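Here's the letter readout for the chains.
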Amino acid sequence: MRVFRFLAVAMLMIGVSGCASKFKTYNGPEVTQVIVNKGERRMYLLHNTEVLEAYDIGLGFAPSGDKKISGDGRTPEGNYLIDRRNPNSEFHLSVGIDYPNEADLAEAIAMGESPGGDIFIHGRPRKYRDGKRDWTAGCIAVTDREIEQIYAMVKNGTPISIQP
């Protein structure tokens, strides 16, 4: 009977651990800046000059060059802020970037186009796990496990520099 109880408790604990929340907590040093290097396909979370975490990333489906207009498949380049989060994202979780800024908007208007928007750092849903690296509409993609960590670590108002 004791063996049965032990197995029942063990199975319950395994089942509960499988239901772990996608909302993690973080109590380490404050992330003071996010740096994205598009050419290296790397993103870094920094506390001042110390790299806290580094991630391999995916970009827009046309990754070379700066985002100019809606639908061009490019990831923006420049200095922005993290300005929002979406706990119910189609892409697991997402952290928003305040693209377009005034310069982006003026550039697109001068071309008679819309600059687009809704640029996020987000996870990678099952339907996009085909191994293709650059598949987003202009966002920055990481694994679902990584976006859980990023979502906990990076607060709204954090500067993000996206470099070529």
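This text follows the structure it describes.
Only a predicted model underlies this, so the values are computations on that prediction, with no experimental measurement involved. (Residues numbered from 1 in each chain as written. Predicted model: local features only at pLDDT ≥ 70, side-chain atom pairs only at ≥ 80, totals over all residues. Heavy atoms only, no water.)

A. Fine view of the nonpolar core. Counting 26 residues, the largest nonpolar core has Met-43, Ile-97, Ile-121, Ile-140, Ile-150 and Ile-160 as its most contacted members. Broken down by secondary-structure element, the contributors of at least two residues to this core are β1 (33-37), β2 (42-47), β3 (50-56), β4 (78-86), β5 (94-97), β6 (119-122), α3 (144-153) and β8 (159-163). Considering every element that reaches this core, the biggest residue donor is α3, with four residues. Excluding residues that lie within four positions of it along the chain, Ile-150 makes contacts with Met-43, Leu-45, Tyr-55, Ile-121 and Val-142. (Core = buried A, V, L, I, M, F, W, Y, C linked by side-chain atoms within 4.5 Å. Buried < 20%, exposed > 50% of the residue type's maximum accessible area, 1.4 Å probe, protein only. Helix = DSSP H or I, 4+ residues; strand = E, 2+ residues; numbered from the N terminus. Contact = heavy atoms within 4.5 Å.)

B. Structural view of helix α2 (residues 102-110). With a side-chain oxygen lying 3.1 Å from the backbone nitrogen of Ala-103, the N-terminal cap of α2 falls on Asn-101. Of the residues one or two after α2, Gly-112 is the one with positive phi, at around 75°. (Polar contact = N/O pair within 3.5 Å; in protein donor to acceptor, adjacent residues only side chain to side chain.)

C. Spatial organisation of the pairing of β2. Examined bridge by bridge, β1 and β2 share five bridges and lie antiparallel to one another. For Asn-37, the partnering residue across the bridge sits in β2 and is Arg-42. Counted between consecutive antiparallel strands, the loop separating β1 from β2 contains four residues, among which Arg-41 sits at a positive phi close to 55°. Two strands pair when backbone bridges link them, and β2 and β3 are joined in this way by six bridges, in the antiparallel orientation. Residue pairing across strands places Met-43 opposite Tyr-55, the latter belonging to β3. (Pairing = 2+ DSSP bridges.)

D. Fine view of the sheet that holds β2. Taken in spatial order, the eight strands make up an open sheet running β3-β2-β1-β8-β4-β5-β6-β7, and their pairing is mixed. Each of the sheet's edge strands pairs with one partner strand only, and the pair in question is β3 and β7 (140-141). Bridge count between β4 and β5: four bridges; the pairing is antiparallel. Following the sheet pairing, Arg-85 is matched in β5 by Val-95. The strands that α3 touches are β2, β3, β4, β5 and β6; relative to β3, the one it contacts most, it runs at about 145°. (Axes fitted to C-alpha atoms, helices over the stretch in contact; angles between N-to-C directions.)

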